[in-house]
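# Inside the fold
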Amino acid sequence: MKPALALALNAAALAVFAFAQPAPAQSFPAKPIRIVVPFPPGGSTDLLARRLGEKLAVALGQPVVVENKPGQAGSIGAAELARAAPDGYTIGGGTISSHAINATLYPKLPYDPVKDFAPITMLATLPNMLIVHPSVNVASVRELVELLKANPNKYSFGSAGNGTSQHISGELFKIMTGTQMQHIPYKGSGPMIPDLLAGTIQLSFENITTAYPQVKGGKLKALAVTSSKRSFVAPEVPTMAEAGLAGYDISSWQAMYAPAGTPRDIVARLHAETVKALRSPENQKKLSDLGLDAGGMSPEELAALMRADIPRLGKVVRESGAKVD
């Protein structure tokens, strides 16, 4: 082959190769971005997505649209995100349910929580709170355990649904205390709380954001928080470990993901802008008021957390015999 022809072909090949590569972060974004929220409007995941969406729209110079795709403890929305084009224009929220618990709870999960996503960052963490109806005549975790052991399956605990952190918090409690309760799954915390206030169900391991206002209002009693440390929102409430269940630790978490294969430079841009939005004074205060600890960890740290939580919480699911009702 003649040198001139070879040079021409090489140049053409390089041009085709360059054209086939994903657009660099410098030109991203060039159109609106969609945030898939795998839970109904009004919950923590939805609230975070909408607050961050407003900040990201300003920072990135493009509209950010939030779409709710609820169902199956986040599985329906997470599956849609996993199928989206890996170009940074579709990102989504994920939780301890959709990206850890569901891996074991659902035998035919339509996505792989680790392989099908590119982690962006942790958005926030929050503990659950063990709350009981005033008709339950106990003032501590120890007294509750004694009552439950004396009355197997007489009492029921409600959750925001199968596979939620509230559900698994209750199952871990049953395993560690050797007690028996009926699990009543609801379609979110919204319909569960009225039944708890009415005494239709007797207790719950609800997110502190939803639970504590009812405690402060004197309508429910708080016995413990599920995290390893006391919550800054309710410092007077002991942890499960302090209440006698050494090693008990479940904190709900909210995170942001892109589909697997999204270019690293775009993930890095989304990470940087999301963390900047999380740490704005306005959002720091708002999250604190809601009982949320703002996140900001690196994509690698979020991936490591998932790799640890999937088997840890999977063990609880298997040992408890929890099923999708």
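Residue positions within a chain follow its written sequence, with the count starting from 1. Reporting in this predicted model follows two pLDDT cut-offs: at least 70 for local features of residues, and 80 or more for side-chain atom pairs to be given and counted; totals over whole chains, interfaces and linings ignore these cut-offs and use all residues. In computing side-chain values, all of the structure's heavy atoms are included and hydrogens and water are not.

### Section: the pattern of salt bridges
Any Lys or Arg side-chain nitrogen found within 4 Å of a carboxyl oxygen on Asp or Glu counts as a salt bridge. One pass over the structure, following the stated rule, counts 13 salt bridges. Among the salt bridges present, the one from K174 reaches E171, with a minimum N-O distance of 3.3 Å. Residue K174 and its partner E171 are located together in helix α6 (residues 165-177), separated by 3 residues, close to a single helical turn. Assessed through its relative accessible area of 18%, K174 is described here as buried. Each residue's exposure class comes from its accessible area (1.4 Å probe, protein chains only) as a fraction of the maximum for that residue type: buried when under 20%, exposed when over 50%, partly exposed otherwise. Residue classification places E171 among the buried residues on the basis of a relative accessible area of 4%. Residues E273 and R269 are paired through a salt bridge, measuring 3.7 Å at the closest nitrogen-oxygen approach. With a gap of 4 residues between them, E273 and R269 both fall in helix α9 (residues 264-278), about one helical turn apart. Within the structure, one salt-bridge network assembled from shared partners comprises R34, E67 and E80. Where helices and strands are cited, they refer to DSSP runs of H or I of at least four residues and of E of at least two residues respectively, numbered from the N terminus.

### Details of the environment of T262
Examined against the element boundaries, T262 turns out to sit in the loop between β9 (251-259) and α9. Separated by 98 residues in sequence, T262 and T164 have C-alpha atoms that sit 28 Å apart. In contact with T262, not counting residues within four places along its chain, are P86, D87, G88 and V267. Polar contacts, as counted here, are pairs of nitrogen or oxygen atoms within 3.5 Å of one another; within protein the pair requires one atom able to donate a hydrogen and one able to accept it, and residues that are adjacent in sequence qualify only if both atoms are side-chain atoms. A polar contact is formed between the side chain of T262 and the backbone oxygen of P259, at a distance of 2.7 Å. Pairs of residues are marked as contacts when any of their non-hydrogen atoms sit within 4.5 Å.

### Quick look at helix α3 (residues 75-83)
Inspection of α3 places S75, G77, A78, A79, E80 and L81 among the buried residues, and these make up the whole buried set. Looking at the packing, one finds that the buried side of α3 touches β1 (33-37), β3 (90-95), α4 (97-105), β4 (117-132) and β9.

### Notes on the confidence of the model for the protein chain
When pLDDT is averaged across the protein chain, the result is 90; 92% of the residues are at 70 or more. Values of pLDDT, ranging from 0 to 100, describe the predictor's confidence in every residue of the model. Long-range and interchain partners of residues 1-23, a stretch whose pLDDT sits below 50, account for 5 contacts in this model, where long-range means more than four residues apart.

### Focus on the packing of helix α2 (residues 44-60) against helix α10 (residues 281-289)
At a minimum axis distance of 12 Å, the contact between α2 and α10 shows a crossing angle of 175 degrees. With respect to each other, α2 and α10 are oriented roughly antiparallel. On α10, the residues touching L48, R51, L52 and K55 of α2 are E282, N283, K286 and L287. Residues were grouped as follows: Ala, Val, Leu, Ile, Met, Phe, Trp, Tyr, Cys and Pro as nonpolar; Asp, Glu, Lys and Arg as charged; and all remaining residues, including Gly, as polar. Looking at the contact of α2 with α10, its residues break down into 3 nonpolar, 1 polar and 4 charged. Axes here mean lines fitted to C-alpha atoms, for a helix over just the part in contact, with angles spanning 0 to 180 degrees between N-to-C directions. For classification, angles of less than 35 degrees are called roughly parallel, those exceeding 145 degrees roughly antiparallel, those between 65 and 115 degrees roughly perpendicular, and all remaining angles oblique.

### Details of the nonpolar core
Of all hydrophobic cores here, the largest spans 45 residues; its most connected members are L130, L144, F173, L203, F205 and M240. Examining the composition of this core, we find that 6 residues originate from one element, helix α11 (residues 299-320), more than from any other. The residues touching M240, leaving out its near neighbours within four places in the chain, are L130, V141, F173, F205, A224, V225, T226, L245 and Y248. The criterion is simple. A nonpolar core is a set of buried Ala, Val, Leu, Ile, Met, Phe, Trp, Tyr and Cys residues joined through side-chain atoms within 4.5 Å.

### Remarks on the pairing of β4
With 15 of its 16 residues buried, β4 lies for the most part within the structure. Two strands qualify as a pair provided that DSSP identifies no fewer than 2 bridges between them. Strand direction decides the pairing type here: β4 and β9, joined by 9 bridges, are antiparallel. For F117, the partnering residue across the bridge sits in β9 and is P259. Strand direction decides the pairing type here: β4 and strand β10 (residues 293-294), joined by 2 bridges, are antiparallel. Bridging from a neighbouring strand, A124 pairs with A294 of β10. Sheet topology note: the β4/strand β7 (residues 203-207) ladder contains 5 bridges and is antiparallel. The residue bridging V132 from the neighbouring strand is L203, located in β7.

### Things to note about the packing of aromatic side chains
Pairing of aromatic side chains requires ring centres within 6.5 Å, counting the rings of Phe and Tyr and the six-membered ring of Trp. Pairs whose planes differ by under 30 degrees are stacked, by over 60 edge-to-face, and all others tilted. Under the criterion given, the structure shown has 5 aromatic pairs. Judged by centre distance (5.5 Å) and plane angle (55 degrees), the ring pair of F173 and F205 falls under tilted. Here F173 is found in helix α6, whereas its partner F205 is found in strand β7, with 32 residues between them in sequence. For F205, a relative accessible area of 0% translates into the label buried. An aromatic cluster of three or more residues is present, and its members are Y111, F117 and Y257. We count a charge as sitting over a ring when the NZ of a lysine or the CZ of an arginine lies within 6 Å of the ring centre and within 35 degrees of the ring normal. In this arrangement the basic side chain of K31 is found over the ring face of Y89, its NZ or CZ atom lying 4.8 Å from the centre.

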